[in-house]
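In case you want the letters, here they are:
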Amino acid sequence: MKSHNPVLAGYGTTIFTVMSALAVEHEAINLGQGYPDTDGPTDIRRVAADALSEGSNQYPPMLGVPELRQATADHNNRLYDLGIDWQTETMVSCGATEAIAASIFGIIEPGDEAVMIEPLYDCYLPLLERAGGIPKLVRVEPPGWDLPYDKLEQAFSAKTKLLVLNTPMNPAAKVFTLQELEFIASLLEKYDAYAICDEVYEHLVYDGQQHIPLMTLPGMRERCVRVSSAGKTFSMTGWKVGYSVGASDLITAAAKAHQFLTFTTAPNLQKAVAYGLAKENSYFRKLGQDMQAKRDRLARGLAEIGFEVLNTEGTYFLTTDFRPLGFLDDDMQFCQHLTTEAGVAAVPFSAFYQGADVKHYARFCFCKRDEMLDAALEKLRIHFVR
Ligand code: PMP
Ligand code: GLN
């Protein structure tokens, strides 16, 4: 038999699927894969249900239903003053993932270089490599995750066409500062490169810090595709409704791929997300406030048990160093042990790196009901403390 495509065949099953399956097998509390354990707002689900039973269930327009494209533009204009034209500068996709894939496929030619910042969300690298792009990886390092300006600049060259920027960043839970974004913007201009800005956690930023889209910086309006997702903003990760904004030529490039990848997204879900995006600012503020309280609950408990807990500025995730517990094996062994022996699943941090050298951190997800967080902490206490 002939071989399959080696780029994708070279990747294993995603760590999120692996850890969730292990959690199910051992009936562990799943603080691994990032998804809420409650469903999102009832009114939004009601709009989706009504649109399903009363509206059209045929192919919607390729770039998205007008209601959601308008709501995406309005949301971006209201929050970030981006002046988005809904008819030429928005695109709806099957989750943020498809928008990222479509943007990469639309922009990258074989041999183009793309700068990415490790630790990396899982889909960036395989998609880039499948498109024939060449990754240039730069790391931010714990505990501060500061952007190393010199190394970032060294990663850029005349061949750089793209930077993939994730802020708030999964899994480091870092929120890029204005100063860091200004430096990134200066490099994009200097090297004439584009940015795919994965901002799915835009409303999950804590301690009064502010999420700043790179696209709002001078000169960046024409260089960025800014991607977000209903999964995180409305706590319904299964919906897979993504919405992006960007200059019309970039959206057109991404749409060329989108039309052949999925073409459209379920119309009733699009209408419900349009309704959701029009909510008052207070909805989006409260989402962040509620999540910050969960972060504090889990961080406090894990620290009491003996984990070293790193700072979480945004996202659903907490990073912990487990060596203070006396566990000196690698992170995959630790997370397997935690799932099978303590009954709590977490994600090994090395999954977000290419090198094998980062191996004593575990990522915990805190977008769960308080009683689940407490139950997970109790299991960990019984295992490690008593
Ligand atoms: N980007 C990041 C950083 C993520 O954590 C996730 C996971 N939810 C996604 C993209 C994918 O989003 P979606 O489910 O909308 O495809
Ligand atoms: N974004 C989620 C996480 O980081 C997982 C998404 C997925 O399973 N593909 O946990």
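Structure shown above.
Residues numbered from 1 in each chain as written. Chains lettered and ligands numbered in written order. Predicted model: local features only at pLDDT ≥ 70, side-chain atom pairs only at ≥ 80, totals over all residues. Heavy atoms only, no water.

Quick notes on the pairing of strand β3 (residues 113–118)
The condition is simple: Exposure classes here rest on a 1.4 Å probe applied to the protein chains alone. A residue is buried below 20% of its type maximum, exposed above 50%, and partly exposed in between. A helix here means a DSSP run of H or I that spans at least four residues, while a strand means a run of E at least two residues long, and both kinds are numbered starting from the N terminus. At least two DSSP bridges between two strands are needed for those strands to be called paired. Handedness of a crossover is defined as follows: orient the strands so they point away from the viewer, and if the path from the first strand over the helix to the second runs clockwise, the crossover is right-handed.
In terms of burial, β3 is largely enclosed, as 6 of its 6 residues are buried. In β3, alternate side chains face the same way, and those of Glu113, Val115 and Ile117 on one face and Ala114, Met116 and Glu118 on the other are all buried. Where β3 lies against strand β4 (residues 134–139), 6 bridges are found, and the strand directions are parallel. Residue pairing for β4: Ile117 is matched across the bridge by Val138. Following the backbone out of β3, through helix α6 (residues 124–130) and into the adjacent parallel β4, one traces a crossover that is right-handed. Pairing of β3 with strand β5 (residues 160–166) involves 4 bridges; the strand directions are parallel. Each residue of the ladder has a partner; that of Met116, found in β5, is Val164.

Some details on the packing of helix α12 (residues 281–305) against helix α14 (residues 370–384)
Angle between the axes and distance between the axes are the two parameters that describe a pair of packed helices. As a reminder, the rule being used: For helices, the axis comes from a line fit to the C-alpha atoms of the stretch in contact; other axes are also lines fit to C-alpha atoms, and the angle between any two N-to-C directions lies between 0 and 180 degrees. With respect to orientation, any angle under 35 degrees is reported as roughly parallel, any angle over 145 as roughly antiparallel, any angle of 65 to 115 as roughly perpendicular, and every other angle as oblique. Between two residues, a contact is recorded if the distance between any of their heavy atoms is within 4.5 Å.
Running from N to C, α12 and α14 cross one another at 5°; their axes reach a closest spacing of 10 Å. Classed by the angle they form, the pair α12 and α14 counts as roughly parallel. When α12 is examined against α14, the residues Lys294, Arg297, Leu298, Gly301, Leu302, Glu304 and Ile305 are found in contact with a partner set consisting of Asp370, Leu373, Asp374, Leu377, Leu380, Arg381 and Phe384.

Let's talk about the site of ligand 1
This is how the line gets drawn: Any residue with at least one heavy atom within 4 Å of a molecule or strand is counted as near it. Here a polar contact means two N or O atoms within 3.5 Å. Within protein one must be a hydrogen donor candidate and the other an acceptor candidate, and residues neighboring in sequence count only if both atoms are side-chain atoms. Per-residue and other accessible areas follow the Shrake-Rupley method at a 1.4 Å probe size, with only the shown protein chains counted as cover for residues.
Surrounding ligand 1, one finds 13 residues, the nearest of these being Thr97, Asp198, Tyr201, Ser229 and Lys232. In this structure, an oxygen atom belonging to ligand 1 sits 2.8 Å away from a main-chain N or O atom of Ala96. In this structure, a nitrogen atom belonging to ligand 1 sits 2.5 Å away from a side-chain N or O atom of Asp198. Starting from 390 Å² of accessible surface for ligand 1 in isolation, the protein chains cover 93%. Here the element with the most residues in the shell around ligand 1 is helix α5 (residues 95–107); it accounts for 3 residues.

Any functional reading would require information that these geometric values do not contain.
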